[in-house]
Every structure is written in structure tokens, then in C-alpha cells.
Amino acid sequence: MGLLNFTRDPVPEAVSGDMHNLIQLSAQQFSALTEVLFRFLTEPKEVERFLTQLSDFATMNKISLGPLKNIVKSILLVPNGALKRNLSSEQVRADFIALGLSEEKASYFAEQWKVNSPTLTRLAVGQTLMINQLIDMEWKFGVTAGSSELEKVGSIFLQLKLVIKKGSQLENVYVELTLPQFYSFLHEMERVKTSLESFS
Amino acid sequence: MAALRDGDFGALQILLKLVSALHNLTRHVVYRGFNRAEDILGLFPESFHQNLKNLLTKIILENVSTWRNEAQASQISLPQLVDLDWRVDIKTSSDSIARMAVPTCLLQLKIQEDAALCGNNPVVSALTVELSKETLDTMLEGLGRIRDQLSAVANK
């Protein structure tokens, strides 16, 4: 086996055998299986649904679920590696052929890869590390009527509650701003937005 | 410290009572928000020395707004935002994807704990927060709404 695009590590022994077994599937069956796989890749949280769909596929096509799961595991190695390395559909097709998949099926999978890669890329970017990500902001503002030192005050205050994700926990941060501080905060945030937009 | 003689002790007591009384007077003026001479003059008893009364009133009037601002600055509150710094980064690569160009914003908020609790040594903590472009847009929307409501209140 020549150099593969989707990985630099040696591929597990079982993969060639699994790819070979796919010969038994007709084009239609392979296309149905591919659809199940991509539906899972674009919605990775739906594990239950994926397993149900796999088991339905196995029953409908009279294949045992165990071997099918192994085959699926081998197939998924390629799109996962391809995503990390920003591979083109040509490279994905070449890798499948190198692993032993028929040209027809490899081309079909690569086509589906091309169609789905914007969604998959967006998902991968969304998973990128963020430090103390700001999740939510709540606010209230009001008037201070009086205090123990001053009978009548009448000044405006603004309170912000920032919900921040620290690691896997959410933390609330409460901050109070005076009116001039609020306007300067707003001004700074608008400058940030201009800066971010110039880079998009 | 040198030992106090009897006479000195009596004088010290009177002095402390005087300072305490002055403090109460000025606090009362600040609390009620008096800014006219008549209001302050009215606080003194009839028999009070005229010139002294006028002098005290003049001095108090000169200081009243400074004292009011100080009281407002040190009133109890939630932690205050004292400073804001930011920077924009472009994320180019990560373990989940080798090539990307995603702009992101890092905000550093300097937050000072309640002034009333800390007295002369306020504790300032720095919090760095990351925002994606979408989060920033949502935040600006919220801030814009606050600004609109503030102008509506101001124009009433």
C-alpha cells in the first residue's frame, strides 16, 4: 500500500479485509450505507439514531450487525482523517482505492464527501478550543433612589451577568457599570466588531 | 506615649466630642443633599455664635459636592467594571482541523470588588473571556437595546 493522504500512521490489518467485504454490497446498498454514515458525521451527537439505522440496514440487507460495525469503523477512518487534513475529494477517492475499495464506490463516497464537507468543516471548527467562552449575557438597569449616605440619589446603574464556560463548568460573573462606563463599553465592542468583520 | 495630666484628659474629651459633632453635622448635610446656605444655617441653634455659624456654613457648602461624589463612589454595589482591554486573534489550526482562518475576540475585564467592603485596598481581578463573532453580534444587539431604552428614559 502506498502513502495514504488521510493518515501517516499504519492502517490496522482489518481495514483491507473490511474494504474487500464491501464488494458484496450493490451500488444501491452502498449508497444507503453512505447516507447513514454521513448523517451521523454531520450530527455526531445522534449516536442512538446512528446505531438504530445501522441495525435496520443490517436486518434489511441480511448482513450480521457485528461485521457491519467493523466495516463501518474502518470506513469512518478515512473521512475523520480527511477532515483533520483538509483533504480534497480526489484525495479521499484515491485513499479508498488504495485501501481496496472499488473505483465506483470510492468515487461515490468522494462525491458525498465533497457535498458534505462544508458542514463537516464547520462542525470541526466549532469544536476548537475556546478559553473562558462567553455563553450568555443577561442585564438589567435601574435607578439608585437613595442610600444610607445619601437620601436622594437618582443615578442610573447597569448590571450585567456574564455566563462563562470554564472548562466544563459554567460560572456566573456579575458586574456593575456606571453610565459613562456603559457607553465606553459599547464603543469598544463596536470597534471589536469592525475589526472582526474586516477579517471574515 | 506620655501620660496625660488630668487637665489634658478633659480637653481631649471635649475635642473628640467636637470632632464627632462636626462629623454628624456634615453627614447630615450630605445625606439631605443641602446645597443652599439657608438650609445649613437653619441647622444651628438660635443662640449660636453668628460669625462662627457663617464660617462653618461657608466651608461646608464648599465641600458638599465633593463629599456627595465620594459617598456615591463608595456606595455598596456589585463588583465594578474598572477597565476593558481586547484583542482580535485569527485561529489558523487546531487538533480537529489543520487549516482554518477563524477570527475570535479576547476580552479582558478588570473587575473591582465592592469598594465598601475593601475600604482603601480594593481587590481588582482580571477576567479574560473569549467571544466568537456570533456571540459578539448577539452581545452588541443586547447592548444596543440597552442604549435605546436609556435614551427613551432620558427623553421622557
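None of these values were measured; they are calculated from a predicted model.

Participant: I keep staring at the packing of helix H2 (residues 27–42) of chain A against helix H4 (residues 65–84) of chain A and nothing clicks. Help me out?
Facilitator: Helix packing geometry: the angle between the two helix axes and the distance between the axes. All names here are of chain A. Packing of H2 against H4 brings their axes to within 11 Å, and their N-to-C directions diverge by 60°. Taken together, the axis directions place H2 and H4 in an arrangement best described as oblique. Every pair of crossing elements has a handedness; the one defined by H2 and H4 is right-handed. Here Leu33, Leu37 and Leu41 of H2 come into contact with H4, specifically with Leu68, Val72, Ile75, Leu76, Pro79 and Asn80. Classifying every residue of the contact of H2 with H4 gives 8 nonpolar, 1 polar and no charged.

Participant: Teacher, can you tell me more about the interface of chain B and chain A here?
Facilitator: Each side of the interface is counted separately: chain B has 52 residues, and chain A has 56 residues. For the chain B and chain A pair, buried surface summed over both sides reaches about 5100 Å², with 69% attributable to carbon and sulfur atoms. If you sort the residues of chain B by the area they bury against chain A, B:Tyr31, B:Trp86 and B:Leu150 come out on top, with a joint share of 12%. Taken together, chain B and chain A are joined by 4 salt bridges.

Participant: Just checking my understanding: could you explain helix H7 (residues 179–199) of chain A for this structure?
Facilitator: Given 3.6 residues per turn, any residue in an α-helix points the same way as the ones three and four places further on. Between its first and last C-alpha, H7(A) extends 31 Å over 21 residues, near the 30 Å set by a 1.5 Å rise per residue. Here H7(A) has its buried residues at A:Phe182, A:Phe185, A:Leu186, A:Glu188, A:Met189, A:Val192, A:Ser195 and A:Leu196.

Participant: Looking at this structure, I do not really get the packing of aromatic side chains. What am I missing?
Facilitator: The relation between two aromatic rings is expressed through the spacing of the ring centres and the mutual angle of the planes. Residues and elements named next belong to chain B. For the structure on display, the rule yields 7 aromatic pairs over all chains. Between Phe44 and Phe48 the ring centres are 4.9 Å apart and the planes differ by 50°, which places this aromatic pair in the tilted class. Taking relative accessible area as the criterion, Phe44 reaches 11% and is therefore assigned buried. Judged by its relative accessible area of 27%, Phe48 is partly exposed.

Participant: Please clarify how H2(A) should be interpreted in this entry.
Facilitator: All names here are of chain A. Along its 16 residues, H2 runs 22 Å from first to last C-alpha, staying within 8% of the 22 Å computed at 1.5 Å per residue. Every buried residue of H2 is listed here: Phe30, Leu33, Thr34, Val36, Leu37, Phe38, Phe40, Leu41 and Thr42. On its buried face, H2 is in contact with helix H3 (47–60), H4 and helix H6 (103–126).

Participant: Looking at this structure, how should I read the domain arrangement of chain A?
Facilitator: Bring the parts together and some accessible area is lost; that lost area is often taken as the interface size. Taken domain by domain, chain A comprises domain 1 (13–129) and domain 2 (132–199). A separation of 47 Å is found between the C-alpha centroids of domain 1 of chain A and domain 2 of chain A.

Participant: In this structure, what is going on with the UniProt feature "domain: COMM" (unreviewed entry) in chain A? I would like to understand it.
Facilitator: Summarizing the sequence annotation, UniProt attributes the feature "domain: COMM" (unreviewed entry) to residues 133–200 of chain A in the numbering used throughout. With 31% helix and 50% strand, residues 133–200 of chain A has end C-alpha atoms that lie 20 Å from one another.

Participant: Sorry if this is basic, but what is going on with empty space enclosed by the protein here?
Facilitator: Any empty space left between the atoms is revealed when a probe the size of a water molecule rolls over them. In total, this model carries 1 cavity of 30 Å³ or more according to the counting rule given. Taken as a whole, the largest cavity encloses approximately 40 Å³ of empty space. Lining the largest cavity are A:Leu160, A:Leu162, A:Val175, A:Leu177, A:Phe185, B:Leu81 and B:Leu109. Its residues assigned to classes, the lining of the largest cavity comprises 7 nonpolar, no polar and no charged.

Participant: Explain the nonpolar core to me, please; I cannot follow it from the model alone.
Facilitator: Across soluble globular proteins, nonpolar side chains have a tendency to be buried as a group. With 38 residues, the main nonpolar core has A:Leu22, A:Leu33, A:Ile75, A:Val92 and A:Phe96 as its most contacted residues. Those elements giving two or more residues to this core turn out to be helix H1 (14–21), H2, H3, H4, helix H5 (89–99) and H6 of chain A. Tallying contributions element by element places H4(A) first for this core, with 8 residues. Those residues in contact with A:Leu33 that lie beyond four places of it in its chain are A:Leu22, A:Leu25, A:Leu54, A:Phe57, A:Leu68, A:Val72 and A:Ile75. Counting 31 residues, the second-largest nonpolar core is a separate cluster that includes A:Leu160, A:Leu177, B:Leu127 and B:Leu143.

Participant: Is there a simple way to think about the pairing of strand E2 (residues 102–112) of chain B in this case?
Facilitator: Two faces make up the sheet, and in a regular strand the side chains alternate between them. Residue and element names in this part refer to chain B. Across the 11 residues of E2, 8 count as buried, placing the element largely inside the fold. Two elements, strand E1 (residues 80–91) and E2, share 11 bridges in a ladder whose sense is antiparallel. Following the sheet pairing, Leu81 is matched in E2 by Ile111. Two elements, E2 and strand E3 (residues 124–131), share 8 bridges in a ladder whose sense is antiparallel. By the bridge assignment for E3, Gln112 is matched with Val124.

Cut-offs and rules
- The residue numbers shown here count from 1 along each chain, following its written sequence.
- Each chain takes a letter, starting from A, and each ligand takes a number, starting from 1, following the order in which they are written.
- In view of the model being predicted, local features appear only for residues whose pLDDT reaches at least 70, and side-chain atom pairs are presented and counted only at 80 or more, with totals across whole chains, interfaces and linings using the full set of residues.
- Computation of side-chain values covers all heavy atoms of the structure but excludes hydrogens and water.
- Only the stretch in contact is used when fitting a helix axis, every axis being a line fitted to C-alpha atoms; angles between N-to-C directions are given from 0 to 180 degrees.
- Only DSSP runs of H or I reaching four residues or more are called helices, and only runs of E reaching two or more are called strands; each is numbered from the N terminus.
- When describing relative orientation, an angle under 35 degrees is termed roughly parallel and one over 145 degrees roughly antiparallel, while 65 to 115 degrees is termed roughly perpendicular and anything else oblique.
- The handedness criterion is simple: a crossing whose near helix is rotated anticlockwise from the far helix by less than a right angle is left-handed, and one whose near helix is rotated clockwise is right-handed.
- A contact between two residues is defined here by any heavy atoms of the two lying within 4.5 Å.
- Residue polarity is assigned by list, with Asp, Glu, Lys and Arg as charged and Ala, Val, Leu, Ile, Met, Phe, Trp, Tyr, Cys and Pro as nonpolar; anything else, Gly included, falls into the polar class.
- The quantity reported as buried area is the accessible area (1.4 Å probe) lost by two parts once they are put together, taken as the sum for both.
- Just to be clear on terms, a salt bridge is a Lys or Arg side-chain nitrogen sitting within 4 Å of an Asp or Glu carboxyl oxygen.
- A helix's residues, less one, multiplied by 1.5 Å, set its expected span.
- A 1.4 Å probe rolled over the protein chains alone gives each residue an accessible area, and that area as a share of the maximum for its type sets the label: buried under 20%, exposed over 50%, partly exposed in between.
- When two rings of Phe, Tyr or Trp (its six-membered ring) have centres within 6.5 Å they constitute a pair, described as stacked for plane angles under 30 degrees, edge-to-face for angles over 60, and tilted for the intermediate range.
- For the purposes of this description, domain bounds are those given by an automatic or database domain assignment.
- UniProt positions are given in the numbering used here, feature names are shortened, and annotations may be inferred rather than shown by experiment.
- Both cavities and pockets are sets of points on a 1 Å grid over the protein atoms alone; in a cavity a 1.4 Å probe fits but cannot get out, in a pocket the set is open with protein on both sides within 12 Å along at least five of seven lines, and lining residues sit with an atom within 4 Å of a point.
- Grid points are joined across faces, edges and corners, and a volume is the space filled by probe spheres set on the points.
- Residues belong to a common nonpolar core when they are buried Ala, Val, Leu, Ile, Met, Phe, Trp, Tyr or Cys residues joined through side-chain atoms within 4.5 Å.
- By this definition, two strands are paired if DSSP reports at least two bridges between them.

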